[in-house]
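Listed here are the chains, written in short residue letters.
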Amino acid sequence: MLFGQDIRVAKLPANQPKAQPHAWGERLKLMLMLGPALAVILFLFIGGLGLALLQSLGYLPFIGRTDLSVEAYRTILSREEFYRSLLLSLWISLASTGLATGLAVGSALVLRQHFRGRRWVMFIFQLNIPIPHLVGAVGILFLFSQSGFLARLAYLAHLIDAPGDFPALVFDRYAIGIILEYLWKSTCFMGVIVLAVMQSVGEDYEQAAQTLGANRWQRLRYVLLPLIMPGILSASILVFAFTFGAFEVPLLLGQRYPSALPVLAYRYYTDVDLNFRPEAMAVSVIISAFVTLLIFVYVRVSRGISRR
Amino acid sequence: MTQVDLQRLTKIYPGGENPAVHHLSLTIPDGRVTALLGPSGCGKTTALKMVAGLIKPSAGDILFDGISVLGVPTEKREAVMAFQNHLLFPHMSVSENIGFGLKMRGVDRTAVRQRVADMLALVRLPGLEARRPYQLSGGQQQRVALARALIVEPKVLLLDEPLSNLDAHLRSEMRELILDVQQRFNLTTIFVTHDQEEAVVLADQIALLFEGQLQQYGPPQAFYDRPLSERVARFFGGVNFIPGHKRGEDIQTPLGLFQCPSAPLLDGAVLLTIRPENIQLDSHASGANGAYGRIKSSVYMGTHARFKILAEGNSPQPPVAIEVVTGAAGVNQFAVGQRVRLHLPSEKIWLVPAER
Ligand SMILES: Nc1ncnc2c1ncn2[C@@H]1O[C@H](COP(=O)(O)OP(=O)(O)O)[C@@H](O)[C@H]1O
Ligand SMILES: [Mg+2]
């Protein structure tokens, strides 16, 4: 159901005959084909998460600690730092996902039309996807920091008296630089996905609505958006999960305090004092649990919608 | 009640070599059913979408009651289109689908609900309000699409192949429903089909298109009795074409001389045509406008019988293949190999231009 292109085919009548014969053969074939991918995922996911969980519970045999306790969780949950980081991370993820979703839908609406130069714009969108976030973060620094390109430009144009008067968009309270970096990547990524979903839906439904008297806004509101909503939701969940869990961009562009949750985990993890290790892992486990819960809720809700 | 005039309507798609629709001029009478008929790809949907305003014409004009609607956007044109694959909105219930047009016009909820119930009764699907489109059969989906179009009381109803996704018995049911509803509302209806039989049964007027060009426009009977060309005649099941030379009312053919008082063509080379059911078979010789032939094959078709006959005249020319349809009893009367006399009544003979 991811990306929702198959919303129409997915809604088969309930009385479809089920394929009973060869069920075992089919299942075996499926297992054989999915097997390698599943093995890798299970190994990394269960292995990685399991290890993180163990370490978060204080299991660190290499420094001689083998008894399990929830001490690390208790410690971080009692620190104000944790809640500030959580809020900051939520803000970064929500703001960048929300804005990127809006921009992506808008761009896709433009890109589905035919105009001169459309192929170039498409190319630029796709070109941005494989560029690493690290490069994006460096670019944001170069452009937006108070000693950056835009600050100097504004100074030269006499818009500000000194480059230092340029508004703080990097290492700032509101994490503008981080959000800008995520916005840049996520808009391109989601734009390409939303465009694909729109093209698979086609324009026929909107044309039918139009002859029935729906104007441009009504066609968007009542026909196109509901039809592509499953795709939009899937894509934005992916973006949210990524921005909530990634540490490199907030590490490079963020304030030192409070820092985003993944940065907090990273700092604890790289602390010379190995006793911080369980706390690093506890934060990671909390991040994973949060994202997993989010996806679970999404799946339940979207299943409920399509069943209604 | 709206009369629709198409004036030299033309559409050339970007990159298309030939126009999809070329200089199409038609006066579509109000309150009647007009069929746009033609093989797949001849430009029917393009023409219909131009009337709806979904495609901008490259040239020409469209008038509703004498007033050009080219400047009127689709959503204000009041020409509602129902599509071949019904296009019910999958995320809405049946009643939301039917009420869609009224909701867009800001009609209040209770009024919409009442009208939706009326419409469902009209298309004989009462009580299905809460269903989702995927829970309906193909025939039901098509009827909901019709109800969704009718509820806004359009000036013009545009139907694109409304029957072609249905199986035979649903098709005749839907056909009756369309006729019933159309007569009740006295709606100007334009419907597109590639099936000449469907056009004949449903339409008051047929416009036949080949490659975007109008071939003939008139009541269904004219396409059987007075086709304008061999192609038109063949599209309507014409099979008998005998080359000849016309001088006055006399047509000289390899099968002999035939009389045809009604043909409007100039003297010269012509094709004589007659529908297979209008030829009379006899076992013994009689009268003028006749020829002899030998039966090559016969097929019994339940209500009638179909014969393939090689006919020849007195001249030493190669024989001409002729098809004849008789009543079902003909199959006992005439046997394969038998020599028969064909009678072509002069009032049933029609002439079309000899092509090339
Ligand atoms: N959007 C389009 N762009 C280019 N050519 C098109 C387009 N739509 C239809 N055509 C061409 O125009 C011709 C008429 O198409 P159409 O109106 O759909 O025919 P019909 O409905 O009679 O089958 C066809 O040759 C088709 O390939
Ligand atoms: Mg068509």
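Residues numbered from 1 in each chain as written. Chains lettered and ligands numbered in written order. Predicted model: local features only at pLDDT ≥ 70, side-chain atom pairs only at ≥ 80, totals over all residues. Heavy atoms only, no water.

## A short note on the domain arrangement of chain B
It is common to report an interface's size as the accessible area lost on association of the parts.
Consideration 1: Here the domain parsing of chain B yields domain 1 (4-225) and domain 2 (241-353).
Consideration 2: Taken over C-alpha atoms, the centre of domain 1 of chain B sits 41 Å from the centre of domain 2 of chain B. (Domains from an automatic or database assignment.)

## Structural notes on the site of ligand 1
All names here are of chain B.
Consideration 1: Near ligand 1, the surroundings consist of Tyr13, Ala20, Ser40, Gly41, Cys42, Gly43, Lys44, Thr45 and Thr46.
Consideration 2: Here Lys44 contributes a side-chain N or O atom positioned 2.9 Å from an oxygen atom of ligand 1.
Consideration 3: The contact in question runs from an oxygen atom of ligand 1 to an N or O atom on the side chain of Thr45, over 2.6 Å.
Consideration 4: Look at ligand 1: alone it shows 560 Å² of surface, and the protein chains cover 54% of it.
Consideration 5: Residue classes in the shell around ligand 1 are distributed as three nonpolar, five polar and one charged. (Near = heavy atom within 4 Å. Polar contact = N/O pair within 3.5 Å; in protein donor to acceptor, adjacent residues only side chain to side chain. Areas by Shrake-Rupley, 256 points an atom, 1.4 Å probe, with all protein chains shown as cover. Nonpolar A, V, L, I, M, F, W, Y, C, P; charged D, E, K, R; others polar.)

## Structural notes on the interface of chain B and chain A
Consideration 1: Of the residues lining the interface, 25 residues belong to chain B; the matching set on chain A comes to 25 residues.
Consideration 2: Across the chain B to chain A interface the summed buried area is about 2200 Å²; carbon plus sulfur atoms make up 64%.
Consideration 3: Broken down residue by residue, the surface that chain B buries against chain A is led by Glu75, Met104 and Tyr134 of chain B, which jointly contribute 29%.
Consideration 4: On inspection of chain B and its partner chain A, the count reaches one salt bridge.
Consideration 5: The salt bridge partner of Arg219 of chain A is Glu75 of chain B, with a shortest N-O separation of 3.8 Å.
Consideration 6: At the boundary of chain B with chain A, the tally comes to six residue pairs in polar contact (both at pLDDT 80 or more). (Contact = heavy atoms within 4.5 Å. Buried area = accessible area lost by both parts, 1.4 Å probe. Salt bridge = Lys/Arg side-chain N within 4 Å of Asp/Glu carboxyl O.)

## Looking at the sheet that holds strand E10 (residues 213-218) of chain B
Residues and elements named next belong to chain B.
Consideration 1: Reading across the sheet, the six strands line up as E6-E7-E8-E3-E9-E10 and stay open at both edges, with mixed pairing between neighbours. Of all the strands in the sheet, just strand E6 (79-82) and E10 have a single pairing partner and so form its edges. On average, each strand axis in the sheet is tilted by 20 degrees relative to the strand beside it, whichever way the strands run.
Consideration 2: Summarising the sheet, strand E3 (residues 33-37) and strand E8 (residues 188-193) pair through five bridges and their orientation is parallel. If you follow Thr34 over to E8, its bridge partner there is Ile190.
Consideration 3: Along the sheet, helix H1 (residues 44-52) contacts E3, E6, strand E7 (156-160), E8 and strand E9 (205-210); its crossing angle with E7, the most-contacted strand, is approximately 155 degrees. (Pairing = 2+ DSSP bridges. Helix = DSSP H or I, 4+ residues; strand = E, 2+ residues; numbered from the N terminus. Axes fitted to C-alpha atoms, helices over the stretch in contact; angles between N-to-C directions.)

## Some thoughts on the pattern of salt bridges
Residue and element names in this part refer to chain B.
Consideration 1: Following the criterion strictly, the structure yields 16 salt bridges over all chains and no others.
Consideration 2: In this structure, the salt-bridge partner of Arg234 is Glu230, at a minimum N-O distance of 2.9 Å. Of the two residues, Arg234 and Glu230 are both situated in helix H9 (residues 230-235); the distance of four residues between them amounts to about one turn of the helix.
Consideration 3: Shared partners join several salt bridges into a network, and the residues in it are Arg124, Asp180 and Arg184.

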